[in-house]
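Structural characterization, general
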Amino acid sequence: MVFEPERQPCEAAVIWLHGLDDRPEHWASTLAPARKRRPHWKWIFVRAPERRIACYGGMVHPAWGDFVDAGKVLVGSLDHESRDAHGWYAKSVAAVHAHVHELEKAGLPPGRIMMVGVSQGAALAAEAALSLRCELAGWAMVSGWLMPRARTALRRNPNAPGARVLVCHGTADEQVDYGCAVLACKLLREAGREVDFETFEGEQWPGRTGGQWADPPHLYPPHPILSNPASSHTSPPHLALFQ
């Protein structure tokens with residue numbers, strides 16, 4: 001799903017990656033107020049392919065890659081250490097890179113492109129952002145984890161400045177353990193990346209209360225990533241999509 005800027009010129013773009021068994025329509029609706037407040041931005045809500053997922057007995061679900069363990073994603077678990085046996089994650093990364101390259105061809109530089117992923121989409125966003133040969137304005141990982149190829153990309157480029165990163169995670173997350181976020185931040189910082197880590201004490205999902213998503217402006221704390229995508233490293237871009 002693509003939402004062109006309501007007003008020209010196009011100043012920035014957001015690539016949004018949903019989670020397992022989710023759909024872009026959900027996030028396009030949830031973030032409608034945020035889109036309205038950014039009339040010069042282009043929004044791309046990418047749709048995951050339908051795949052037969054191992055942990056669901058081969059039933060078809062929208063997914064960026066396979067899931068082999070029906071339990072929580074933990075540091076060291078099978079899905080945290082996924083070797084991408086089917087090559088699905090690799091294909092998903094290539095698809096995300098294609099969106100970035102298409103935006104570049106349309107005249108929007110990478111420094112004005114932001115990427116956000118949720119859960120499995122966050123793991124994909126991390127791998128896609130870290131393996132790009134260009135630098136984004138910033139990227140965000142909401143309730144996600146770093147897969148092996150993302151960690152390898154960090155090791156290959158130690159101390160590279162890279163785009164600023166926002167990591168959001170609830171301490172009571174029942175699907176992706178909070179420890180995944182702690183490890184991700186540790187590895188990113190050790191590799192010299194500038195990371196903002198937002199912890200949501202006692203919550204399963206950032207900004208989610210009583211089983212319902214809060215209003216979009218309060219999904220995550222007002223945070224400055226993405227508020228100024230044209231900023232340089234001397235004044236780094238900040239990711240505040242929901243102000």
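Residues numbered from 1 in each chain as written. Predicted model: local features only at pLDDT ≥ 70, side-chain atom pairs only at ≥ 80, totals over all residues. Heavy atoms only, no water.

Moving on to the pattern of salt bridges. In this structure the tally under the stated criterion is 11 salt bridges. We note a salt bridge from R47 to E25, for which the minimum N-O separation is 2.5 Å. Of this pair, R47 sits in the loop between β3 (41-46) and β4 (50-53) while E25 sits in helix α1 (residues 24-30), and the two are 22 residues apart along the sequence. One salt bridge in this structure joins E194 and R164, with 3.7 Å as the shortest N-O distance. Taken together, the positions of E194 in the loop between α6 (178-190) and β9 (195-200) and R164 in strand β8 (residues 164-170) put the pair 30 residues apart, joining distant regions of the chain. What makes R164 buried here is its relative accessible area of 9%. Linked through salt bridges whose partners overlap, the residues forming this network are D84, E127 and R149. (Salt bridge = Lys/Arg side-chain N within 4 Å of Asp/Glu carboxyl O. Helix = DSSP H or I, 4+ residues; strand = E, 2+ residues; numbered from the N terminus. Buried < 20%, exposed > 50% of the residue type's maximum accessible area, 1.4 Å probe, protein only.)

Turning our attention to helix α5 (residues 148-156). When α5 is considered as a whole, its buried residues turn out to be P148, A150, R151, A153 and L154. Of the surrounding secondary structure, the elements contacted by the buried residues of α5 are α4 (120-131) and α6. (Contact = heavy atoms within 4.5 Å.)

Glancing now at the confidence of the model for the chain. Residues with a pLDDT of 70 or more make up 83% of the chain, whose mean pLDDT is 86. When mean pLDDT is taken per element in the chain, helix α3 (residues 88-105) scores highest with 98 and strand β11 (residues 212-213) scores lowest with 40. (pLDDT = per-residue confidence, 0-100.)

This brings us to the environment of G76. The residue G76 is located in the loop between β5 (59-62) and α3 in this model. A C-alpha to C-alpha distance of 9.2 Å links G76 and C180, two positions 104 residues apart in sequence.

Among the five residues of strand β7 (residues 138-142), five are classified as buried, and the element is accordingly described as predominantly covered. A two-sided burial pattern is seen for β7, the buried positions comprising G138, A140 and V142 on one face and W139 and M141 on the other. Viewed along the sheet, the connection from strand β6 (residues 113-118) through α4 into β7 turns out right-handed. (Right-handed = clockwise from strand over helix to strand, strands pointing away.)

All right, on to the pairing of β9 then. Bridge count between β8 and β9: six bridges; the pairing is parallel. Each residue of the ladder has a partner; that of G170, found in β9, is F200. (Pairing = 2+ DSSP bridges.)

Going from Q8 to P9, the amide bond is cis rather than trans, its omega being 5°. With a phi angle near 55°, D84 is a residue other than glycine that sits in the positive phi range. Among the secondary structure elements, D84 is positioned in the loop between β5 and α3. Since its relative accessible area comes to 11%, D84 is described here as buried. The phi dihedral of S143 falls on the positive side, at around 60°, and the residue is not glycine. Here S143 shows up in the loop between β7 and α5.

This paragraph deals with α4. Here α4 spans 17 Å end to end across 12 residues, near enough to the 16 Å set by a 1.5 Å rise per residue. In terms of burial, α4 is a largely internal element, 11 of the 12 residues being buried. All of the buried residues in α4 are Q120, G121, A122, A123, L124, A125, A126, E127, A128, A129 and L130. Residues of α4 that are buried make contact with β2 (12-17), α3, β6, β7, α5 and α6. (Expected span 1.5 Å × (residues − 1).)

Another point: the sheet that holds β9. For sheets, the rule is that strands pair by backbone hydrogen bonds, running either parallel or antiparallel. Taken in spatial order, the seven strands line up as β1-β3-β2-β6-β7-β8-β9 in an open sheet, and their pairing is mixed. Only two strands of the sheet have a single neighbouring strand rather than two, namely β1 (2-3) and β9. Relative to the sheet, α3 contacts β2, β3 and β6, its axis offset from that of β2 by approximately 170°. The strands touched by α6 within the sheet are β7, β8 and β9, with β9 carrying the most contacts at an inclination of about 165°. (Axes fitted to C-alpha atoms, helices over the stretch in contact; angles between N-to-C directions.)

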